[in-house]
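Tertiary structure, described
Chain residues, written in single-letter form:
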Amino acid sequence: MNYKDTLKINEKGHLEIGGCDTVDLVKKYSTPLYVMDESYIRNVCRAYTKTIKKVYGYGDCAYASKAFCCAAIYTVMQEEGMHVDVVSGGEIYTALKAGFDLKNAHFHGNNKYESELDLAISNGIGTIVVDNLDEIDMIDKICDKYNVKQNVLIRSNPGVEAHTHEYIQTTRIDSKFGFSFKNGDCLEAIKKVIASKNLVFKGLHCHIGSQIFDKNAFALAVDVMTDYIKKLQVEENIIVDEINLGGGYAVYYTESDPKYNVEQYCEYVETIADALQKAVDSKNIKKPYLMIEPGRSIVGEAGITLYSVGNIKDIKGVKKYLAIDGGMYDNIRPALYDAKYEAILANRANDKNEEIVTIAGKCCESGDIIIKDIELPKANRGDIVAVFTTGAYCYSMASNYNRNVLPPVIFVNNGKSGYAVKPQTYEDLVRNDIIKVEME
Ligand SMILES: *Cc1c(COP(=O)(O)O)cnc(C)c1O
């Protein structure tokens, strides 16, 4: 467990988050329940922005909102002076609902619909990250309609691939995302943007992976990107004003991961900012505006999920299952990626571990296991299970599988709590259903 100032065990032996006793939260909001520590989120945002300003002096941090998306998170980001990255019309719509100023948003995606681009451009999106040639024509046309110019970055594929503990520099050019440097595709895209009527070429983007532990992977990406920027400057007389180096910083999930505090998260940003400044100096390129766009590391460790223990199935000598009132519909990551989590009994947090159990969800899928073989105190029906580090890619990937209603999301901060997303109702589930289909 990566306990922190705002995530700890209190004197009653209960798990406490954001100054709120989780047992009280369950009394008030019931289970299953997503709990997000708002102060932690704000602290990470502030620290990232501060680090960029301190080390590099010219840049901003965007929150990759796909990690956890709802109106309230955009409100927080707006208040913190953060930029955001959006990847769909739905995310854009949610940001607009929250009053987020889209000029501080950039729009990603490998297949943005014309309708989504229209929504983005008509609402003054700051930047569009272009991922393919067709998109350039579409953007140009929509800009004509609204008589505007549009800043764009080109999503590049620098051939640096990083996944969790390993990173490699490949010559692979077969990614679904981005334009490769190697085969000239990136240059072709840049030239097409420059030749277009309404698109303004601002610079380059790359995102080398997710849950990356090794900071050197980011330094390598900076090196490859700035080599290319230099080449553009010298050989093509094309100046890059902005560089966006994506997200992907790893967070703590289980004991095999390093424990992070906010300062340690900032080391990723420091590495990037420092490597970029050094490259600018040594390669003699125009200093680009720096953007980063982490998601997981901003919200991941801020979130926990609270469940109640329901049925307990003891297959004597084989396995003991604790079934909880949630599962793959609120956290798909164990089933999807074999993701590992830690958990405790939140109402008996100081009790000694006595047995090894498997925490199973309630969905009709054998693979609906939240944690396999975890040591816990002997649990009883009604005990509260807290699963840690569920702030990223859990709520945002949730579904109504088995027609389960989505749990609410609450924010906690300094002893107070409130809904960020209200509980779904059964009525919500059938809202768009047609009872008997009328054919014509
Ligand atoms: C997913 C994604 C991010 C955020 O990644 P994290 O691992 O959550 O930090 C940033 N940029 C792009 C383009 C992405 O696809």
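If you're wondering where the values come from, they're calculated on a predicted model, not measured in any experiment. (Residues numbered from 1 in each chain as written. Predicted model: local features only at pLDDT ≥ 70, side-chain atom pairs only at ≥ 80, totals over all residues. Heavy atoms only, no water.)

1. Let's talk about the pairing of strand β6 (residues 83-86)
- Burial along β6 is two-sided: His 83 and Asp 85 and Val 84 and Val 86, pointing in opposite directions, are all buried.
- Bridging between strand β5 (residues 59-64) and β6 involves 3 bridges; their strand directions are parallel. Across the sheet, residue Ala 62 finds its bridge partner in β6, namely His 83.
- Considered for its hand, the β-α-β crossover made up of β5, helix α3 (residues 71-79) and β6 is right-handed. (Buried < 20%, exposed > 50% of the residue type's maximum accessible area, 1.4 Å probe, protein only. Helix = DSSP H or I, 4+ residues; strand = E, 2+ residues; numbered from the N terminus. Pairing = 2+ DSSP bridges. Right-handed = clockwise from strand over helix to strand, strands pointing away.)

2. Thoughts on the site of the ligand
- What surrounds the ligand is a group of 15 residues, the closest being Lys 66, Ser 210, Glu 293, Arg 296 and Tyr 393.
- Between the ligand and the protein, one listed contact pairs an oxygen atom with a backbone N or O atom of Gly 295 at 2.9 Å.
- Within the contact set of the ligand, an oxygen atom lies 2.6 Å away from a side-chain nitrogen or oxygen of Tyr 393.
- Alone, the ligand offers 380 Å² of accessible surface; in the complex the protein occludes 92% of this.
- Within the shell around the ligand, the residues separate by chemical class into 3 nonpolar, 7 polar and 5 charged. (Near = heavy atom within 4 Å. Polar contact = N/O pair within 3.5 Å; in protein donor to acceptor, adjacent residues only side chain to side chain. Areas by Shrake-Rupley, 256 points an atom, 1.4 Å probe, with all protein chains shown as cover. Nonpolar A, V, L, I, M, F, W, Y, C, P; charged D, E, K, R; others polar.)

3. Considerations on the packing of aromatic side chains
- Considering all chains together, one arrives at 15 aromatic pairs under this definition.
- Between the aromatic rings of Tyr 58 and Tyr 289, the centroid separation amounts to 5.3 Å while the plane-to-plane angle is 70°, which identifies the pairing as edge-to-face. Taken together, the residues span a long stretch of sequence, with Tyr 58 in the loop between α2 (38-55) and β5 and Tyr 289 in strand β15 (residues 289-292) at a distance of 231 residues.
- What links up through ring pairs into an aromatic cluster is the set Tyr 48, Phe 218, Tyr 249, Tyr 260, Tyr 265 and Tyr 268.
- Above the plane of the ring of Phe 107 lies Lys 112, whose end atom (NZ or CZ) is 5.7 Å from the centre.
- The ring of Tyr 268 carries the charged tip of Lys 215 above its face, separated from the ring centre by 5.3 Å. (Phe/Tyr/Trp six-rings, centres within 6.5 Å; stacked < 30°, edge-to-face > 60°. Lys NZ or Arg CZ within 6 Å of the ring centre and 35° of its normal.)

4. Description of the pattern of salt bridges
- A complete count under the given rule lists 26 salt bridges for this structure.
- Arg 42 serves as the salt-bridge partner of Glu 79, at 2.6 Å between the closest nitrogen and oxygen. Of the two residues, Glu 79 is situated in helix α3 and Arg 42 in helix α2; the sequence distance between them amounts to 37 residues.
- Of the residues examined, Glu 79 reaches a relative accessible area of 52% and is grouped as exposed.
- The residue Arg 348 makes a salt bridge to Asp 351 at a minimum N-O spacing of 2.8 Å.
- Counted as one network, the salt bridges with shared partners bring together Glu 38, Arg 42, Arg 46, Glu 79 and Glu 80. (Salt bridge = Lys/Arg side-chain N within 4 Å of Asp/Glu carboxyl O.)

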